[in-house]
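Report on the structure
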Amino acid sequence: MIYKEVLLKELIKNGYALSNGIKVWDISKRTFRYISKEMAQAFLKLEEHPRYKANIIDTEIKLLKENASEFLKSLKNEPFNLIDVSCTEGIKAKEIINSLPKNMKIRYCPSCVNEFLVGLSLKNIKKENFSNIVDYAQSVTNDFESFDQVGAALRNTTYQKNAYLLLGSLLASFEINDYLFKLSQSMFPGDLLIIGNGIRKGERFTNLETYKHPLFNDWLIHLMRDLGFKDNEVKYNARFANNRLEAYYTVNIDKILEYENRKIKFKKGDEIIVAFQYKLYAKELEDFCDMYFDNVKLIQDSQEEYALVMCKK
């Protein structure tokens, strides 16, 4: 019930926009994509899909294996917090930790809005018995917009430096300028940020069919169920609009949902945006980072479809 209240409150706060006479509602806040344990588990299934795993997970892991050690060497073997933002299951952090010198002193800090994912990451890293991990600190946050506060809370006399992992194209799900500004303002000189993000070459908006795969519906349909819709009352789709990729549901029937004595009336044909992602060129991503960090280095994969960016404060 609590998930329904959160989502309905967001609908009321945002209201709707009219597009060609169609009401377009918005619950695309990144935090909601992991709002429940069931939704987090559905996302893990999406990550396991062969195409998704090959094009995104494996590519990012390969780049991390090849470059993470070089990126983090500036920490000079000082103890630091490795803050795994939106940690999912800890696989990428594991590859980074494995590539680092054994004499490094790391406190692994999985951080996410979903307690199940934080616990899973912690479990998977602990079972590896890494000699360079000397401590752990987990963080379950209210929303992804508050990650600038996580680093401040974790910093102490023993762990004075932070290294943030912002992987899995997480950055593309925010208004990038605002997100990087807030995060950079919370960082101290010497802190690091490693971004993993998809990049474009050629035309910006291509491969739309990828995002129409049934596994995306299997993941995002949980938002519709939590709102109070039955599966057959909505239909999933994806499109390029507003200079970004949008995942959305079309409402198939007239329906009324209630929250705190207020009625939200949906008409057949209404749309509810549940997720969005900006599609960036490598130079755009690098330029955004240059605005907020003193030292930026971008490395692309061989297909020029994914990049790691090291940003040093």
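This text follows the structure it describes.
The following refers to the structure shown. Since this is a predicted model, take the numbers as computed values, not measurements.

1. Looking at the sheet that holds strand β1 (residues 16-19)
Spatially, 5 strands are ordered β1-β2-β13-β10-β9 in an open sheet, and the strand pairing comes out mixed. In the strand order of this sheet, the two ends are held by β1 and β9 (234-241), each with one partner. The mean inter-strand angle of the sheet, taken between neighbouring strand axes irrespective of direction, is 35 degrees. Where β1 and strand β2 (residues 22-26) come together, 4 bridges link them in antiparallel fashion. Bridged to S19 within β2 is I22.

2. Things to note about the packing of helix α3 (residues 50-72) against helix α4 (residues 91-99)
Interhelical geometry of α3 versus α4 gives an angle of 35 degrees and a closest axis separation of 8 Å. When the axes of α3 and α4 are compared, the crossing they make is right-handed. Facing I57, E60, I61, L64, K65, A68, S69 and L72 of α3, the residues of α4 in contact are I91, K92, E95, I96 and S99. Its residues assigned to classes, the contact of α3 with α4 shows 7 nonpolar, 2 polar and 4 charged.

3. Some details on the packing of helix α2 (residues 37-48) against helix α5 (residues 115-126)
Where α2 contacts α5, the axes come no closer than 8 Å and their chain directions differ by 50 degrees. Judged by the inter-axis angle, α2 sits oblique to α5. Listed contacts from α5 to K37, A40, Q41 and L44 of α2 are F116, L117 and L120.

4. Digging into helix α8 (residues 214-227)
Taking 1.5 Å as the rise per residue, α8 with 14 residues should run 20 Å; its terminal C-alpha atoms sit 20 Å apart, in good agreement. By the largest-angle criterion, L220 marks the main kink of α8, which is about 35 degrees. By the criterion of burial, α8 is predominantly enclosed, with 10 of the 14 residues buried. Turning to α8, its buried residues number three or more, namely L215, F216, W219, L220, I221, H222, L223, M224, D226 and L227. Residues of α8 that are buried sit in contact with α1 (2-14), α2, β9, β10 (244-251), β11 (255-259) and β13 (271-277).

5. Digging into the nonpolar core
Core analysis: the largest hydrophobic core is formed by 108 residues, its most contacted members being I27, L180, L193, M224, L227 and I272. Ignoring anything within four residues of it in the chain, the contact list for L180 reads L171, L193, I195, F288, C289, Y292 and F293.

6. Notes on the layout of surface pockets
One number sums up the size of the largest pocket: a volume of about 870 Å³. Along its surface, the largest pocket is lined by 40 residues, and I56, T210, Y211, Q277 and K279 are the ones closest to its centre. When residues of the lining of the largest pocket are traced back to their parent elements, those giving at least two are α2, α3, β8 (192-198), α8, β10 and β13. Classifying every residue of the lining of the largest pocket by side-chain character gives 19 nonpolar, 11 polar and 10 charged.

7. Some remarks on the environment of R225
With respect to the helices and strands, the residue R225 is situated in helix α8. Considered as a pair, R225 and N67 are 158 residues apart in the sequence and their alpha carbons are 41 Å apart.

8. Things to note about empty space enclosed by the protein
Counted by the stated rule, this structure contains 1 cavity of 30 Å³ or more. Counted as a void, the largest cavity has a volume near 40 Å³. Along its surface, the largest cavity is lined by F144, E145, F147, D148, Y179, K182 and L183. In terms of residues, the lining of the largest cavity owes the most to one element, helix α7 (residues 176-186), which gives 3 residues. Tallied by class, residues from the lining of the largest cavity come to 4 nonpolar, no polar and 3 charged.

9. A look at the environment of R155
With respect to the helices, strands and loops of the structure, R155 is situated in the loop between α6 (147-154) and β7 (161-166). A relative accessible area of 15% means that R155 is categorised as buried. In this structure the C-alpha to C-alpha distance between R155 and K62, which are 93 residues apart in sequence, comes to 29 Å. Apart from the residues within four sequence positions on either side, R155 is in contact with N81, Q160, K161, N162, S186, M187, F188 and D191.

Thresholds applied
- Residues numbered from 1 in each chain as written.
- Predicted model: local features only at pLDDT ≥ 70, side-chain atom pairs only at ≥ 80, totals over all residues.
- Heavy atoms only, no water.
- Pairing = 2+ DSSP bridges.
- Helix = DSSP H or I, 4+ residues; strand = E, 2+ residues; numbered from the N terminus.
- Axes fitted to C-alpha atoms, helices over the stretch in contact; angles between N-to-C directions.
- Left-handed = near helix turned anticlockwise from the far one by under 90°.
- Contact = heavy atoms within 4.5 Å.
- Nonpolar A, V, L, I, M, F, W, Y, C, P; charged D, E, K, R; others polar.
- Parallel < 35°, antiparallel > 145°, perpendicular 65-115°, else oblique.
- Expected span 1.5 Å × (residues − 1).
- Bend = angle between axes of the 7 residues up to and from the residue.
- Buried < 20%, exposed > 50% of the residue type's maximum accessible area, 1.4 Å probe, protein only.
- Core = buried A, V, L, I, M, F, W, Y, C linked by side-chain atoms within 4.5 Å.
- 1 Å grid on protein atoms, 1.4 Å probe; cavity = no way out; pocket = protein on both sides within 12 Å on 5 of 7 lines; lining within 4 Å.
- Points joined across faces, edges and corners; volume = space filled by probe spheres on them.

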